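An overview of the molecular structure
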2 protein chains.
Amino acid sequence: MTPRAKSALAEADVVLGYKTYLAQIEKHLQGKEIRSSTMTKELDRAGSALDLACAGKVTALVSGGDPGIYAMAGLVFELIAAREIPLGKGPDKLNVKVIPGVTAFTCAAAILGAPLNHDFASISLSTRLTPWEVITKKLDLAAQADFVIALYNPKSRGRDWQFNEALKIIGESRGPQTPVGIVQKASRPSEAVNLTTLKDAASAEVDMQTVVIIGNSRTYRYLDKMITPRGYKDKYDLSS
Amino acid sequence: MTPRAKSALAEADVVLGYKTYLAQIEKHLQGKEIRSSTMTKELDRAGSALDLACAGKVTALVSGGDPGIYAMAGLVFELIAAREIPLGKGPDKLNVKVIPGVTAFTCAAAILGAPLNHDFASISLSTRLTPWEVITKKLDLAAQADFVIALYNPKSRGRDWQFNEALKIIGESRGPQTPVGIVQKASRPSEAVNLTTLKDAASAEVDMQTVVIIGNSRTYRYLDKMITPRGYKDKYDLSS
């Protein structure tokens, strides 16, 4: 947690969040009104947060990772726009601040070495709000463009075939030996890391809390690290 | 700065970094051996950090934002691989840790609202190590794929035409009214924000410390915020 996130929590009257996330920050919640809810209830959670804030309560809505990357900031602003809530610092206006955090793919990348060290694309495989044809088009073009690709939400209990299909699509533009880094629960006690290849990634264990990073055509493996070169080697002698 | 970054600095004997970044964290550097250097000397900096670490010093190499996104982690691992330095925890091995941080585009996104709230691609316009034809291919395919696009290093003193050219390429697949958010020096005292459109972005002021975020086909503006919808509106009534 960043110092800015900590002070925002300290200032809040009410704290809302997915219960698993709130459990992780319990010591910062003493004396606050707490509203915890379950995973799929994010629409209710964002709506309640807005209602409370509009009623004058200093309200903190907690998100895992960075709130602007596949998380709650977007939904809050979608609701604000739909309800035409005036924003700003004056009276009768809602003062909304998004506090950036460390997003899951930079945590995963730090554990793997430096796999994101060149242009990259981030794609969620969740079909809950996005049709699969839209996702496959992104996968195909990102692979053609030679982006390093970070996959969010690779699998869930009710959605199990999209991950392997995504690997196949990427494999049309990228070799079978391309390094693939798979990180589950990055930076948590149960963190698990698997450095594999595009050919073998299909049999790897992945779930909703997994980030998968697929190298570009120049990404290589050194010992247990995954490295995407920026291009220094083409211009400089790095060995001495 | 995250708590993990703070404790890594506290443990270090030697701290290396670009002088402007080190000046920002001066109070954490008391009693340390300091090696500051200028912007383009990153190869020397990374090499010296490795030499010091291999000689047994606890060494911290400071990077702006997140060290794995267009920053120092990649270069350090490129050097480690080129020099075949053994990694790990035992004796005669180098124990390297990358500490993730808040990267510039999530800072910029937080200021703008929620522009990155769906799949996105990050592209650097720097031609120092990447040929322009490789960059334009990425711009074209990312635009076709309807990724939100974050541009890093849009302009430098010696490189001034690529930014407008990038906007033109993106404009072949995306409308002139597409929202574009431009953030200079995110989260610093001299922070500047400009919310404009793809049509008007070419005349905006940008430099090496600017992040430009170009919306996807569904990104919209509400007051001074830039919002990329996740898709809730297609399934739920958000207005009540």
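Residues numbered from 1 in each chain as written. Chains lettered and ligands numbered in written order. Predicted model: local features only at pLDDT ≥ 70, side-chain atom pairs only at ≥ 80, totals over all residues. Heavy atoms only, no water.

Structural notes on helix α3 (residues 42-54) of chain B
If you check α3 of chain B, its first and last C-alpha atoms are 18 Å apart, about what 13 residues at 1.5 Å a residue would give, namely 18 Å. For α3 of chain B, the full list of buried residues reads E42, R45, A46, G47, A49, L50 and L52 of chain B. Against α8 (232-235) of chain A together with β1 (14-18), β2 (33-37), β3 (59-61) and α4 (72-82) of chain B lie the buried residues of α3 of chain B. Just downstream of α3 of chain B, G56 of chain B is the residue with a positive phi angle, here 100 degrees. (Helix = DSSP H or I, 4+ residues; strand = E, 2+ residues; numbered from the N terminus. Expected span 1.5 Å × (residues − 1). Buried < 20%, exposed > 50% of the residue type's maximum accessible area, 1.4 Å probe, protein only. Contact = heavy atoms within 4.5 Å.)

Remarks on the packing of helix α6 (residues 132-144) of chain A against helix α6 (residues 132-144) of chain B
In the contact formed by α6 of chain A and α6 of chain B, the axes pass within 9 Å of each other and the chain directions differ by 180 degrees. The orientation of α6 of chain A with respect to α6 of chain B, classified from their angle, is roughly antiparallel. Contacts between α6 of chain A and α6 of chain B pair K137, L141 and Q144 of chain A from the former with K137, L141 and Q144 of chain B from the latter. Residue classes in the contact of α6 of chain A with α6 of chain B are distributed as two nonpolar, two polar and two charged. (Axes fitted to C-alpha atoms, helices over the stretch in contact; angles between N-to-C directions. Parallel < 35°, antiparallel > 145°, perpendicular 65-115°, else oblique. Nonpolar A, V, L, I, M, F, W, Y, C, P; charged D, E, K, R; others polar.)

Regarding the packing of aromatic side chains
A full pass over the atoms with the stated rule returns 16 aromatic pairs over all chains. Between the aromatic rings of Y70 of chain B and Y152 of chain B, the centroid separation amounts to 4.7 Å while the plane-to-plane angle is 50 degrees, which identifies the pairing as tilted. Here Y70 of chain B, found in the loop between β3 and α4, pairs with Y152 of chain B, found in strand β6 (residues 148-152); they are 82 residues apart in sequence, far enough to count as distant. On the accessibility criterion, Y70 of chain B (12% relative accessible area) is buried. An aromatic cluster of at least three residues, connected via ring pairs, comprises Y70, F105, F120 and Y152 of chain A together with Y70, F105, F120 and Y152 of chain B. (Phe/Tyr/Trp six-rings, centres within 6.5 Å; stacked < 30°, edge-to-face > 60°.)

Describing the relation of the copies chain B and chain A
After a rotation of 180 degrees and a shift along the axis of 0.0 Å, chain B superposes on chain A with an RMSD of 0.0 Å. On the angle and the small slide along the axis, the relation comes out as a two-fold axis. Closest approach to the rotation axis within chain B is made by the C-alpha atom of A121 of chain B, at a distance of 2.0 Å. Most of the interface of chain B is mirrored in chain A, where 100% of its interface residues are also at the interface. (Least-squares fit on C-alpha atoms with pLDDT ≥ 70 in both.)

Focus on the sheet that holds strand β2 (residues 33-37) of chain A
Residues and elements named next belong to chain A. Taken in spatial order, the three strands of this open sheet run β2-β1-β3, and their pairing is parallel. Of all the strands in the sheet, just β2 and β3 (59-61) have a single pairing partner and so form its edges. Here the strands of the sheet are splayed against their neighbours by 15 degrees on average, with no regard to which way each runs. Two elements, strand β1 (residues 14-18) and β2, share five bridges in a ladder whose sense is parallel. If you follow V14 over to β2, its bridge partner there is E33. (Pairing = 2+ DSSP bridges.)

Some remarks on the environment of Y222 of chain B
Residues and elements named next belong to chain B. Mapped onto the secondary structure, Y222 falls in strand β10 (residues 220-222). Take Y222: its relative accessible area is 12%, and that puts it in the buried class. Once the C-alpha coordinates of Y222 and H28 are considered, the two residues, 194 residues apart in sequence, prove to be 40 Å apart.

Considering the packing of α3 of chain B against α4 of chain B
The angle between the axes and the distance between the axes are what describe a pair of packed helices. Residue and element names in this part refer to chain B. Close contact between α3 and α4 brings their axes to 10 Å; oriented N to C, the two are set at 60 degrees. In terms of orientation, α3 and α4 fall into the oblique class. As for the relative orientation of α3 and α4, their crossing is right-handed in sense. Counted together, E42, L43, R45, A46, G47 and L50 of α3 and M72, L75, V76, L79 and I80 of α4 form the full contact between these two elements. Tallied by class, the residues present in the contact of α3 with α4 amount to eight nonpolar, one polar and two charged. (Left-handed = near helix turned anticlockwise from the far one by under 90°.)

No statement about biological role is implied by the geometric values presented.
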